[in-house]
Amino acid sequence: QVQLVESGGGLVQPGGSLRLSCEASRWIFSISNMDWYRQAPGRERELVASISTGGITNYAISVKGRSTISRDNAKNTVYLQMTSLKPEDTAVYYCHGWGRQHDYWGQGTQVTVSS
């Protein structure tokens, strides 16, 4: 059974930082491009950042310069380091792993940016 398990969410003050983690089943991680999406209340799910199997990264304009996506293939884990957080970053963040013949989602982790 494939699993993507997110962690690291929580409540943080504006300007603060968080690091989200997503651990995947070993057999799927090495062949998966990995993304972080987020969904705020009343809004559509949006792509935040992505990293390919080869380590190529892309970011949404809204987080570029404030976030870093990385992957540790030895730990089957993808990370999203977020800094200078804003209230508009508040959302449920989802991990997504995909390839030519597979597509999996995690259950999500809540990030709330508020004073």
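Residues numbered from 1 in each chain as written. Predicted model: local features only at pLDDT ≥ 70, side-chain atom pairs only at ≥ 80, totals over all residues. Heavy atoms only, no water.

Below, the discussion takes up the layout of surface pockets. Roughly 180 Å³ of volume is contained in the largest pocket. Contributing to the lining of the largest pocket are 13 residues, with Arg38, Ala40, Arg43, Glu46 and Glu88 lying nearest its centre. Classifying every residue of the lining of the largest pocket by side-chain character gives 2 nonpolar, 3 polar and 8 charged. (1 Å grid on protein atoms, 1.4 Å probe; cavity = no way out; pocket = protein on both sides within 12 Å on 5 of 7 lines; lining within 4 Å. Points joined across faces, edges and corners; volume = space filled by probe spheres on them. Nonpolar A, V, L, I, M, F, W, Y, C, P; charged D, E, K, R; others polar.)

Sheet architecture is open: 4 strands sit in the order β1-β3-β8-β7, paired in antiparallel fashion. In the strand order of this sheet, the two ends are held by β1 (4-7) and β7 (67-72), each with one partner. Direction aside, neighbouring strands of the sheet carry axes that sit 15° apart on average. The sheet contact formed by β7 and strand β8 (residues 77-82) spans 6 bridges and is antiparallel. (Pairing = 2+ DSSP bridges. Helix = DSSP H or I, 4+ residues; strand = E, 2+ residues; numbered from the N terminus. Axes fitted to C-alpha atoms, helices over the stretch in contact; angles between N-to-C directions.)

Evaluation of the coordinates by the stated rule reveals 3 salt bridges. Arginine 38 is paired through a salt bridge with glutamate 46; the nearest N and O atoms lie 2.6 Å apart. With relative accessibility at 5%, the residue arginine 38 sits in the buried group. Where arginine 38 meets aspartate 89, a salt bridge forms, and the shortest distance between an N and an O atom there is 2.9 Å. Residue arginine 38 is located in strand β4 (residues 33-39), and its partner aspartate 89 is located in the loop between β8 and β9 (91-98); the two are separated by 51 residues in the primary sequence. Using a relative accessible area of 2% as the deciding quantity, one classes aspartate 89 as buried. Several salt bridges converge on common partners, so that one network encompasses Arg38, Glu46, Arg66 and Asp89. (Salt bridge = Lys/Arg side-chain N within 4 Å of Asp/Glu carboxyl O. Buried < 20%, exposed > 50% of the residue type's maximum accessible area, 1.4 Å probe, protein only.)

This model, assessed by the stated rule, comprises 1 disulfide. Across a sulfur-sulfur distance of 2.1 Å, cysteine 22 and cysteine 95 are joined as a disulfide pair. The chirality of the disulfide connecting cysteine 22 with cysteine 95 is left-handed, given an S-S dihedral of about -80°. With a gap of 73 residues between them, cysteine 22 in strand β3 (residues 18-24) and cysteine 95 in strand β9 connect regions that are remote in the sequence. The two residues cysteine 22 and cysteine 95 agree in class, both being buried. (Disulfide = S-S within 2.5 Å.)

Read these as layout, nothing more, since geometry by itself doesn't imply function.
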